[in-house]
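Structural characterization, general
Given next are the chains, with one letter for each unit.
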Amino acid sequence: MLAFIARRLIATIPVILFVAVFVFMLLRLTPGDPAAIIAGDNATADQVDAIRAKLGLDEPLLTQFMIWSGRVLSGDFGESFFFKKTVAELISQRIEPTLMLSLCTIVLAVLVAVPVGVLAASRQGGWVDRIVMGFSVMGFSVPTFVIGYLLIYVFAIVLGWLPVQGYRRISEGFGDFIIRLIMPSVTLAVIYVALISRITRASVIETLGEDYIRTARAKGLPGRVVLLRHALRNAAVPIITVIGIGIALLIGGVVITESVYNIPGLGRLTVDAVLARDFPVIQIVIMMFSFVFVLINLIIDLAYSVLDPRIRY
Amino acid sequence: MAIVTTSLKRVAAAGVLAAFISSGAAAQTLRVVQHGNLTILDPIWTTAYVTRNHGYLIYDTLFSTDGNYEIKPQMVDKWSVSQDKLTWSFTLRDGLEWHDGQPVTSEDCVASLKRWAARDAMGLKLWDFVKELKTVDAKTFELVLKEPYGLVLESLGKPSSQVPFMMPKRIAETSPTEQIKSQIGSGPFIYKTDESKPGEKHVYVKNPKYKPRAEPASGLAGGKVVKLDRVELVEMPDTQVQANALIAGEIDIVEAPPHDLLPMLKAEKNIVLDDWNPLGHQFIIRFNHVVKPFDNPKIRLAALYAINQEDYLKATVGNAAYYKTCAAVFICGTPFATDKGGDILLKSNFEKSKELLKEAGYDGTPIVVMQSTTLPILTNTAPVTKSLLERGGFKVDMQSMDWQTLVSRRTKKDPADKGGWNILHTYSVSADVLNPISTSYLVAAGDKGWFGWPTDPEMEKLRDAFAKETDPAKQKALAEKVQLRALETAQYGWIGQWYGPGAHRSNIKGWLKAPVPVFWNIEKTGS
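All values derive from a computational prediction rather than experimental measurement.

Observations concerning the overall build of chain B
- Check the secondary structure of chain B and you find 16 helices and 21 strands.
- Relative to the 2.2 N^0.38 estimate, which gives 24 Å for 527 residues, the radius of gyration of chain B is 25 Å and therefore close to what a compact globule would have.
- Seen through its C-alpha atoms, chain B measures out along the principal axes to roughly 75 × 75 × 40 Å.
- Within chain B, the fraction of its 527 residues that count as buried is 52%.
- Restricting the contact set of chain B to residue pairs at least 6 apart, pairs at least 24 apart contribute 70%.

Section: the overall build of chain A
- Scanning chain A from N- to C-terminus turns up 14 helices and 0 strands.
- Start at the N end of chain A and walk to the C end: the helices and strands fall as α-α-α-α-α-α-α-α-α-α-α-α-α-α.
- Judged by the C-alpha coordinates and their principal axes, chain A covers about 85 × 55 × 35 Å.
- Contacts spanning at least 24 positions in sequence make up 71% of the contacts within chain A whose residues lie at least 6 apart.

Quick word on the sheet that holds strand β7 (residues 140-145) of chain B
Residue and element names in this part refer to chain B.
- What the 4 strands build is an open sheet, ordered β4-β5-β7-β6; its pairing is antiparallel. Two strands close off the open sheet at either side, each with one partner strand: β4 (76-81) and β6 (130-135). Neighbouring strand axes in the sheet, compared pairwise and without regard to direction, differ in orientation by 15° on average.
- Inspection of the sheet shows β4 paired to strand β5 (residues 87-92) by 5 bridges, in the antiparallel sense.

What to know about the confidence of the model for chain B
All names here are of chain B.
- Scored by pLDDT, chain B comes out at a mean of 91, with 95% of its residues at no less than 70.
- Between residues 1-26, whose pLDDT stays under 50, and residues either more than four places distant or in other chains, the model counts 17 contacts.
- Predicted complex, confidence summary: ipTM 0.76, pTM 0.83.

What to know about the interface of chain A and chain B
- Counting from both sides, the interface comprises 48 residues of chain A and, opposite them, 45 residues of chain B.
- Elements represented by at least two residues in the side of chain A that touches chain B include exactly α2 (34-39), α3 (45-55), α7 (144-158), α8 (174-179), α12 (236-260) and α13 (266-276) of chain A.
- Among the residues making up the side of chain A that touches chain B, the classes are represented as 26 nonpolar, 12 polar and 10 charged.

Remarks on the sheet that holds strand β9 (residues 201-206) of chain B
Residue and element names in this part refer to chain B.
- Across the sheet, 7 strands lie side by side as β8-β9-β10-β1-β11-β19-β12; this open sheet has mixed pairing. At either margin of the open sheet sits one strand with a lone partner, and together these are β8 (189-191) and β12 (271-274).
- Across 2 bridges, strand β1 (residues 29-33) lies against strand β11 (residues 253-254) in parallel orientation. Pairing of V33 across the sheet is with V254, part of β11.
- Sheet strands touched by helix α2 (residues 49-58): β8, β9 and β10 (230-234). Its angle to β8, the strand with the most contacts, is close to 120°.

So, the pairing of β10 of chain B
Residues and elements named next belong to chain B.
- Within β10, 4 of the 5 residues are buried, which leaves the element mostly enclosed by the surrounding structure.
- In this sheet, β10 lies alongside β1 in parallel orientation, the contact comprising 4 bridges. Considered in β10, the bridge of T29 is made with R230.
- Where β9 meets β10, 5 bridges bridge the pair, whose relative direction is antiparallel. Of the residues in β10, the one forming a bridge with K201 is V234.

Concerning helix α4 (residues 121-129) of chain B
- A121, M122, G123, K125, L126 and F129 of chain B are the residues of α4 of chain B that are buried.
- Contacts made by the buried residues of α4 of chain B are with α3 (106-117), β6, β7, α5 (152-156) and α15 (457-468) of chain B.

A few points about unusual backbone geometry
- Residue P293 of chain B is reached from K292 of chain B by a cis peptide bond, and omega for that bond is 0°.
- Here P293 of chain B lies in the loop between β13 (281-287) and α9 (297-306).
- Here the phi dihedral of R277 of chain A falls at roughly 55°; this positive angle occurs in a residue that is not glycine.
- Inspection of the secondary structure puts R277 of chain A in the loop between α13 and α14 (279-307).

Digging into the packing of α7 of chain A against helix α7 (residues 239-247) of chain B
- Axis separation between α7 of chain A and α7 of chain B bottoms out at 11 Å; the angle between their running directions is 10°. Here α7 of chain A is positioned roughly parallel relative to α7 of chain B, judged by the angle of their axes. Between α7 of chain A and α7 of chain B, the residues in contact are Y149, I152, A156 and I157 of chain A and Q240, N244 and I247 of chain B, respectively.
- Taken together, the residues of the contact of α7 of chain A with α7 of chain B break down into 5 nonpolar, 2 polar and no charged.

Structural notes on α12 of chain A
- In this model α12 of chain A runs 33 Å from its N-terminal to its C-terminal C-alpha over 25 residues, within 8% of the 36 Å that 1.5 Å per residue would give.
- Phi turns positive, to about 50°, at N262 of chain A, one or two residues after α12 of chain A.

Comments concerning the nonpolar core
- If you look at the biggest cluster of nonpolar residues, it comprises 225 residues, and the most contacted ones within it are I196 of chain A together with V231 and A303 of chain B.
- In contact with A303 of chain B, not counting residues within four places along its chain, are F287, L389 and A490 of chain B.

Re the environment of E70 of chain B
- For E70 of chain B, the location among the structural elements is in the loop between β2 (63-65) and β3 (71-73).
- For the pair formed by E70 of chain B and H289 of chain B, sequence separation is 219 residues and the distance between their alpha carbons is 35 Å.

With respect to the environment of G244 of chain A
Residue and element names in this part refer to chain A.
- By the element assignment, G244 lies in helix α12.
- For G244, a count of 19 C-beta atoms within 10 Å translates into the label partly exposed.
- Taking the C-alpha atoms as reference points, G244 and L266, 22 residues apart in sequence, are found 20 Å from one another.
- Here G244 is in contact with I296, N297 and I300, once residues within four sequence places are set aside.

Re the packing of helix α5 (residues 87-122) of chain A against α12 of chain A
All names here are of chain A.
- Running from N to C, α5 and α12 cross one another at 135°; their axes reach a closest spacing of 10 Å. Relative to α12, the element α5 is oriented oblique. The hand of the α5/α12 crossing is right-handed. Note on element contacts: α12 touches α5 through I239, I243, G246, I247, L250, V254 and T257, opposite T98, L101, S102, T105, I106, A109, V110 and V114.
- In the contact of α5 with α12, the residues fall into 10 nonpolar, 5 polar and no charged.

Concerning the environment of M166 of chain B
Residue and element names in this part refer to chain B.
- Within the fold, M166 resides in the loop between α5 and α6 (169-172).
- Along the sequence, M166 and L126 sit 40 residues apart, while their C-alpha atoms lie 17 Å from each other.
- Among residues more than four places away in sequence, those in contact with M166 are Y59, D60, T61, L62, M75, V104, D108, C109, S112 and S186.

Cut-offs and rules
- As a convention, each chain's residues are numbered from 1 in the sequence order in which they are written.
- The naming scheme follows written order: chains are lettered A onward, ligands numbered 1 onward.
- With pLDDT at 70 or above as the cut-off, local features in this predicted model cover only qualifying residues; side-chain atom pairs require 80 or more to be listed or tallied, and sums for whole chains, interfaces and linings still use all residues.
- In DSSP terms, a helix is any run of H or I states spanning at least four residues, a strand is any run of E spanning at least two, and both are numbered starting from the N terminus.
- We compute the radius of gyration from the C-alpha atoms alone; for a globule the expected value is 2.2 Å times N to the 0.38, where N is the number of residues.
- Here a residue counts as buried when 20 or more other C-beta atoms fall within 10 Å of its C-beta, as exposed when 12 or fewer do, and as partly exposed in between; the C-beta atoms come from the backbone.
- Contact between residues is assigned whenever the C-beta positions, reconstructed from backbone atoms, fall within 7 Å.
- In this scheme, strands are said to pair when DSSP sees at least two bridges between them.
- In this analysis, axes come from line fits to C-alpha atoms, helices being fitted only over the stretch in contact, and the angle between any two N-to-C directions falls in the range 0 to 180 degrees.
- Looking at any residue, its pLDDT shows the predictor's confidence there, from 0 to 100.
- Each residue receives one of three labels: charged for Asp, Glu, Lys and Arg, nonpolar for Ala, Val, Leu, Ile, Met, Phe, Trp, Tyr, Cys and Pro, and polar for the others, Gly being one of them.
- Throughout this description, any angle smaller than 35 degrees is read as roughly parallel, any larger than 145 degrees as roughly antiparallel, any in the 65 to 115 degree range as roughly perpendicular, and the remainder as oblique.
- A helix is expected to span 1.5 Å multiplied by its residue count minus one.
- Joining buried Ala, Val, Leu, Ile, Met, Phe, Trp, Tyr and Cys residues through C-beta atoms within 7 Å gives a set, and that set is a nonpolar core.
- What makes a crossing left-handed is the near helix being turned counterclockwise from the far one by less than a right angle; a clockwise turn instead makes it right-handed.

Dropping the structure here:
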């Protein structure tokens, strides 16, 4: 097992390297000049040139890449062109909102979707099943930002129960923190509830048709025990897979949700950095996201062997 | 009864949640959303308007422009000019202090002016005439000129971007090509570096030692009396979120809500729309003079004959309450405004356009018009240009891109079909285009000028003559000649004035009318 983990971690190195080269080149080839953006609208071409030289953007591409990769390898992630803060500092400031939003979303999604999916499977073809699947289709179909604006209108503008936007760190008080995460988490969780509940339902239905389930029933085990201890556990591998993929996909969802709810997390940082062509920030954030993606896949693979003793690495 | 019960439940729920959320900040905190994110904190280094706004919060100026566009002393107590108009002497007010408690000295001001003059267009022009800038004593300094210059006070008291803000000498000695690293001014607010989080909010607190002038506040001049404890510039890029947050009372001011949200905000009883910048903005159509076919003045003139302001304003702003046509390059209603010659911009003359194109031998080369799709106020300008120029006999290739790509591409001097461009649109805060020197689009010195790089020695002569002239009547006559020359050579087109009111909660009072959103004089009543 340890050898497997080591092999997988080593395998992340070429992935990250590829991402680094790809993102670096892509950004340089994309139209847009950070120097012109920094200089402002009334700046002259000379002022823009001076800023470009100052940022080292007038160097050949290869030189720029060598300088940047050398710094990254030595642990220096560089400095944002705009904020005049190190990228590491910016990420450390922005990571908490994104982590908390992702955590609340996935916990909420799993807590709702798995029981609902199991319930739908156990009532296959009944009205509960139809309602759950109906909501699931809706959850897939409605874009995240529409759900966001709808929730804001109802719960913040009309009812005034929840704040429209913003984020408070846990250190500023748990009440302030959690109240501002309710709507963003629900908004983001909707699609994952839809996804996980469908997979859970399908997987459990398939398992319920297995011989060992019939045997368990024949032994006289109560339906609840059969469903939860035998069917759900054996149906868990695809469910865990989809939860893992969901966590990875959260990265994309977080970008939109953070914009709709004005949450200063990594998603907004990425959008702002892309719009401003803040190369050092974009490069490191994307590399970090790809590392997280690889790591989540590794954790999922490891979870398989815990859930299914037949799987061994 | 059911309705009453439901309402009671809602009230109770709201009460519980309200209690759950702590009030956070005191009533005297003003939360403002600007038109863009504040990322650069050096108002001399960049021309970005959000950075200028930050500058007005923490720095002070020697002179300022008041509500009647007159220059008034601000940090300066008294000043004099010699008979020969070559030596200007300035003495600072008593009791001026930097935020770190050190006194403001003439040495600080000299260093600040030198750094500003190395960056700003008006500063550069002024410095062409400066022989020496020297301190006389701790509070007095002198500006000695080589020859009389008509815009000394106008330069020192200029409003809008790259304002000559005063900084401590040690900060002002930062190279003009480097950003300053410390945020210490002598202005009415103190920047809280420890509480500010870029991308989230910037925090300013009242400067308790600030000594406002005795005169009432007017425009950017007069007494900067702070009636708040704290100002937070909240970063909120999404305009719909801005509107929702304002309606919910989570923020107090939105500086520039888009025009399409104004009817919704107007309908809210707790929201007031406030035309804080009565000068408004001016749309610009800019030609690239260094590539074909707009290296030919006749073809540029043909383009001016084809366009008309009303079409642009209808397509971009829509509501006539927020725009007006204006033939003057220097903003209607301001001292140097004149209608002379500007009528060609008010009504399209497609026949004349076609005639000029024929005379110029236009070969049908497509005109590359860059369209910005990410700045809503500019998005519709390019399609209007395309339509009007095509009716005037041009072939047009409109290319859509985000604003960041546009500002990058506009620096290129390559032919339009090889990654360059022929036409771009932008807009200017009107306060930046009030005279021939501050209007960067009028610079006709080739590479030293704004993108499009026009070269016209005659225009430069007129601008120089204006700069040297000290008689306001003669200045006015020269400004008129500048406008006529700009039209004769079709240097660029001014394609209408528009206004964008801010929106604030009804408990906010005293927002001053000025070309810059300033937060002294503002009161916030209740919570």
